[in-house]
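The lines below spell out each chain.
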Amino acid sequence: QLLLQESGPLLVKPSETLSLTCIVSGDSMSSDSFYWAWVRQPPGAGLEWIGSIYHTGSSYYSPSLKSRVAMSADTSKSQFSLRLSSVTAADTAIYYCARQGGGTGWPFRSPMDVWGRGTTVTVSS
Amino acid sequence: QSALTQPPSASGSLGQSVTISCSGTSSDVGAYSHVSWYQRHPGKAPKLMIFEVSKRPSGVPARFSGSKSDNTASLTVSRLQAEDEADYYCSSFAGGNTLVFGGGTRLTVL
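Parameters at a glance
Residues numbered from 1 in each chain as written. Chains lettered and ligands numbered in written order. Predicted model: local features only at pLDDT ≥ 70, side-chain atom pairs only at ≥ 80, totals over all residues. Heavy atoms only, no water. Helix = DSSP H or I, 4+ residues; strand = E, 2+ residues; numbered from the N terminus. Buried < 20%, exposed > 50% of the residue type's maximum accessible area, 1.4 Å probe, protein only. Polar contact = N/O pair within 3.5 Å; in protein donor to acceptor, adjacent residues only side chain to side chain. Contact = heavy atoms within 4.5 Å. Disulfide = S-S within 2.5 Å. 1 Å grid on protein atoms, 1.4 Å probe; cavity = no way out; pocket = protein on both sides within 12 Å on 5 of 7 lines; lining within 4 Å. Points joined across faces, edges and corners; volume = space filled by probe spheres on them. Nonpolar A, V, L, I, M, F, W, Y, C, P; charged D, E, K, R; others polar. Pairing = 2+ DSSP bridges.

Structural notes on the side chain of E52 of chain B
Line of reasoning, step 1. Inspection of the secondary structure puts E52 of chain B in the loop between strand 4 (47-50) and strand 5 (64-69).
Line of reasoning, step 2. Under the relative-accessibility criterion, E52 of chain B is labelled buried at 10%.
Line of reasoning, step 3. A polar contact is formed between the side chain of E52 of chain B and the backbone nitrogen of T104 of chain A, at a distance of 2.4 Å.
Line of reasoning, step 4. Dropping the residues within four chain positions of it, E52 of chain B is found in contact with G103 and T104 of chain A together with S33, H34, V35 and S36 of chain B.

Right, here's the structure in full:
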């Protein structure tokens, strides 16, 4: 059974960089059938897609966050990571990692079929 | 790329049916069959309920169904049960290598 677990600092200061890692267990990250995504939910708001990465390192980002986001994948450690720079209070949210797979055709278009439990990150001085 | 539009709330009585809409554009919902629906209970991770407009993952009750017409997708929950009370989010592939979510709908079971 595939499990995803987010880890990282729960408190980040304004203007600094938020860094999170998602540890993948129970299956290989190297399959060609999946993308690996980050999604967040600010307080009182809906879900927001941040970006997705393939095991080769190929990635796509939300246009609204693209200038501040970087994702990486380390298949040898079965984990992928998110870095969000120059954070403000608006980046306070629950951050989820998820697997995209199980759909038809290109995996990037696949639904997010497995999710981590999420981690709450607060941006505050 | 704008968020998909969902009603903030919906409600239905036990045993009845309710439909939640998800309005997009000809560049996302209207252009692709890659529309998904997620259920999120408070404090829990989202759960995939419908993908590719109308397909149900293994383990999701048949009471949940999805459809699409032009730029609007819909999720119907039939024979409402108490445990269906949750937030529901739609999502779509939006072209240009992007994905977009809806703002979410809180479903209340009366």
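That shown, we press on.
Quick notes on the state of the cysteines
Line of reasoning, step 1. In the structure shown here, the tally under the stated rule is two disulfides over all chains.
Line of reasoning, step 2. For C22 of chain A, the disulfide goes to C97 of chain A, at an S-S distance of 2.1 Å. One disulfide, between C22 of chain A and C97 of chain A, carries an S-S torsion of 60° and so falls in the right-handed class. Pair noted here: C22 of chain A is in strand 3 (residues 18-25) and C97 of chain A is in strand 9 (residues 93-100), with a separation of 75 residues, a long-range link.
Line of reasoning, step 3. Its relative accessible area of 0% is what places C22 of chain A among the buried residues.
Line of reasoning, step 4. Looking at C97 of chain A, the relative accessible area reads 0%, which means it is buried.
Line of reasoning, step 5. The side chain of C22 of chain B participates in a disulfide bridge whose partner is C90 of chain B; the two sulfur atoms lie 2.1 Å from each other.

Considerations on empty space enclosed by the protein
Line of reasoning, step 1. Counted according to the given criterion, the structure contains one cavity of 30 Å³ or more.
Line of reasoning, step 2. Taken as a whole, the largest cavity holds about 70 Å³ of empty space.
Line of reasoning, step 3. Q100, R109, S110, P111 and M112 of chain A together with H34, S36, Y38, S91, S92, F93 and L99 of chain B together form the lining of the largest cavity.
Line of reasoning, step 4. Counting residues per element, the ones that place at least two in the lining of the largest cavity are strand 3 (35-40) and strand 7 (86-93) of chain B.
Line of reasoning, step 5. Here the element with the most residues in the lining of the largest cavity is strand 7 of chain B; it accounts for three residues.
Line of reasoning, step 6. In the lining of the largest cavity, the residues fall into five nonpolar, six polar and one charged.

Notes on the pairing of strand 8 (residues 79-84) of chain A
Residues and elements named next belong to chain A.
Line of reasoning, step 1. As defined by bridge partners, strand 3 adjoins strand 8 across six bridges and the pair is classed as antiparallel. Bridge pairing in strand 8 links L18 to L84.
Line of reasoning, step 2. Pairing analysis gives six bridges linking strand 7 (residues 69-74) to strand 8, with the strands arranged antiparallel. If you follow D74 over to strand 8, its bridge partner there is Q79.
Line of reasoning, step 3. Linking strand 7 to strand 8, which pair antiparallel, is a turn of four residues; within it S78 sits at a positive phi near 55°.

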